[in-house]
Amino acid sequence: MPPPILEPIVVATENSPHAVRLLARQGKHTSPTAGYAPGYIQANLLVVPRAYATDFHSLCLRNPVPCPLLAIGSATSLISPTPTTPPLLTHPFDLRSDIPRYNVYHAGRLTASGITDISELWSSADSHVAFLIGCSFSFEGALMAAGLMPRHVEMGCNVAMYSTSRKLNPAGVFTDGTYVVSMRPYPQDQVERVRDITRPYAAMHGEPIAWGWEAVQELGIADLGAPEFGDAVEIKEGEVPVFWGCGVTPQNAIMRAGDKIKGTVMAHAPGHMLVTDVREEEYFKTQATVL
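Each chain carries its own residue numbering, running from 1 in the direction its sequence is written. It should be noted that, the model being predicted, local features are given only for residues of pLDDT at least 70 and side-chain atom pairs only at 80 or more, the latter also being counted only at that level, while totals for whole chains, interfaces and linings use all residues. Values shown for side chains rest on all heavy atoms present in the structure; no hydrogens or waters enter the calculation.

Trainee: Report on the side chain of Q42, specifying residues and quantitative values.
Mentor: Counting through the fold element by element, Q42 comes out in strand β1 (residues 40-49). Polar contacts here mean pairs of N or O atoms no more than 3.5 Å apart (in protein, one a potential hydrogen donor and the other a potential acceptor; neighbouring residues in sequence count only if both atoms are side-chain atoms). From its side chain, Q42 meets the backbone oxygen of Y36 in a polar contact 3.4 Å long. Only heavy atoms enter the contact rule, under which two residues are in contact if any of them lie within 4.5 Å. The residues contacting Q42, other than those within four sequence positions of it, are T33, Y36, L70, G134, C135, F137, S138, M273, L274 and V275. Labels follow the DSSP assignment, with helices taken as runs of H or I lasting at least four residues and strands as runs of E lasting at least two, numbered in each case from the N terminus.

Here's what the structure looks like:
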């Protein structure tokens, strides 16, 4: 099946990421962002009360595969972790409304799911700190260019995401977190090619952390047909599940921290990303220069 047809304004606008964000701000784009603004970096969002920002920052640094840190800041201002990293957003933005859907947590419990604006919850500039985390949607353009269409893009649905038993390195109040993984099925004989294509995208989770049917048990996944986040996708005969670190991991860490965290935590709804203004090749060119 062909990929889903994008809304005309998104593909016709000179800066398609800005168009996606404006549509989200207006409540006109509320669906997952896979396949939108192809070639541009997408990012996960987690917004924590300022008291827990240092702990969460440490969690990202200690777990760079599931939690690759792209930027830190406020609702309308971001700082990249290194001075050579290009700015993710070059047009005016507001993290409280420019993502299609959001989740809200209190004391580790999901209290609102899929809302389209969090401005009322995040009204004070100093109350919270925002973290942008790399997203595997950012390497899907490279997979598609190689003829390796992700199944969820083909089906026009959200990517399948699963809680696992693989533990995170702890940091501060985040002591019991585990990985969340995203899954894309591929033929067994294409797995090495998939690994090679995604390996350079370290800031977007990089290559898969596990693959094959034995990996389901190794990761402690209860049921491939019932992902905790996103949508189940078809796995065809001859294909195997391939798993990547996932930017929903921070939300899982929030839930596992429970009432250790006081106040409101906000995040993107899984699969509903912040589409940024920086192209993949521009971002990774600067990273390669640093390395």
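Having put the structure on the table, let's press on.
Trainee: Please give an account of the packing of aromatic side chains that cites residues and values.
Mentor: Geometry of aromatic contacts follows a simple scheme: Phe, Tyr and Trp rings, the Trp one being its six-membered ring, pair when their centres are within 6.5 Å, and the pair is stacked under 30 degrees between planes, edge-to-face over 60, tilted otherwise. Taken as a whole, this structure holds five aromatic pairs when the rule is applied. Ring geometry for F139 versus Y201: centroids 6.1 Å apart, planes at 65°, classification edge-to-face. With F139 in the loop between β6 (128-134) and α4 (140-145) and Y201 in the loop between α6 (191-198) and β9 (210-211), this residue pair connects regions lying 62 residues apart in the sequence. Between the aromatic rings of F139 and W244, the centroid separation amounts to 5.5 Å while the plane-to-plane angle is 40°, which identifies the pairing as tilted. With F139 in the loop between β6 and α4 and W244 in strand β11 (residues 239-245), this pair connects stretches of sequence that are 105 residues apart. Grouping residues by exposure puts F139 and W244 together as buried. Three or more aromatic residues joined by ring pairs make a cluster, and in this case those are F56, F131 and F174. When the ring centre of Y179 is taken as origin, the NZ or CZ atom of R166, which lies over that ring, is 5.7 Å away. R279 extends its terminal NZ or CZ atom over the ring of Y40, reaching a point 4.7 Å from the ring centre. Partly exposed residues are those whose accessible area sits between 20% and 50% of the maximum for their type, while under 20% is buried and over 50% is exposed, using a 1.4 Å probe and protein chains only. Only when the NZ atom of a Lys or the CZ atom of an Arg is both within 6 Å of the ring centre and within 35 degrees of the ring normal do we say a charge sits over the ring.

Trainee: Before we move on, can you summarise the nonpolar core with the specific residues and values?
Mentor: Counting 37 residues, the largest nonpolar core has L70, L88, M204 and Y283 as its most contacted members. When residues of this core are assigned to their parent elements, the largest contribution, four residues, is made by β1. Where each domain starts and ends comes from a domain assignment, either automatic or drawn from a database. Both domains that meet at this core, namely domain 1 (17-135 + 257-286) and domain 2 (137-249), each give it at least three residues. Not counting residues within four places of it along the chain, the set of residues in contact with L70 comprises I41, Q42, A43, S80, P81, L88, L132, I133, G134, A203, M204 and Y283. By nonpolar core is meant a set of buried Ala, Val, Leu, Ile, Met, Phe, Trp, Tyr and Cys residues that side-chain atoms within 4.5 Å join together.

Trainee: Run through the pattern of salt bridges, naming residues and quoting values.
Mentor: Think of a salt bridge as a Lys or Arg side-chain nitrogen and an Asp or Glu carboxyl oxygen that are within 4 Å of each other. Under the defined criterion, the tally for this structure stands at twelve salt bridges. Between R21 and D277 there is a salt bridge, with its nearest N and O atoms 3.0 Å apart. Remark: D277 occurs in strand β13 (residues 274-279) and R21 occurs in helix α2 (residues 16-25); sequence separation between them is 256 residues. Given the relative accessible area of 9%, D277 is considered buried. With its nearest N and O atoms 3.8 Å apart, the salt bridge here joins K236 to E154. Here the residue K236 occupies a position in the loop between β10 (229-230) and β11, and E154 occupies one in helix α5 (residues 151-155), the gap between them amounting to 82 residues.

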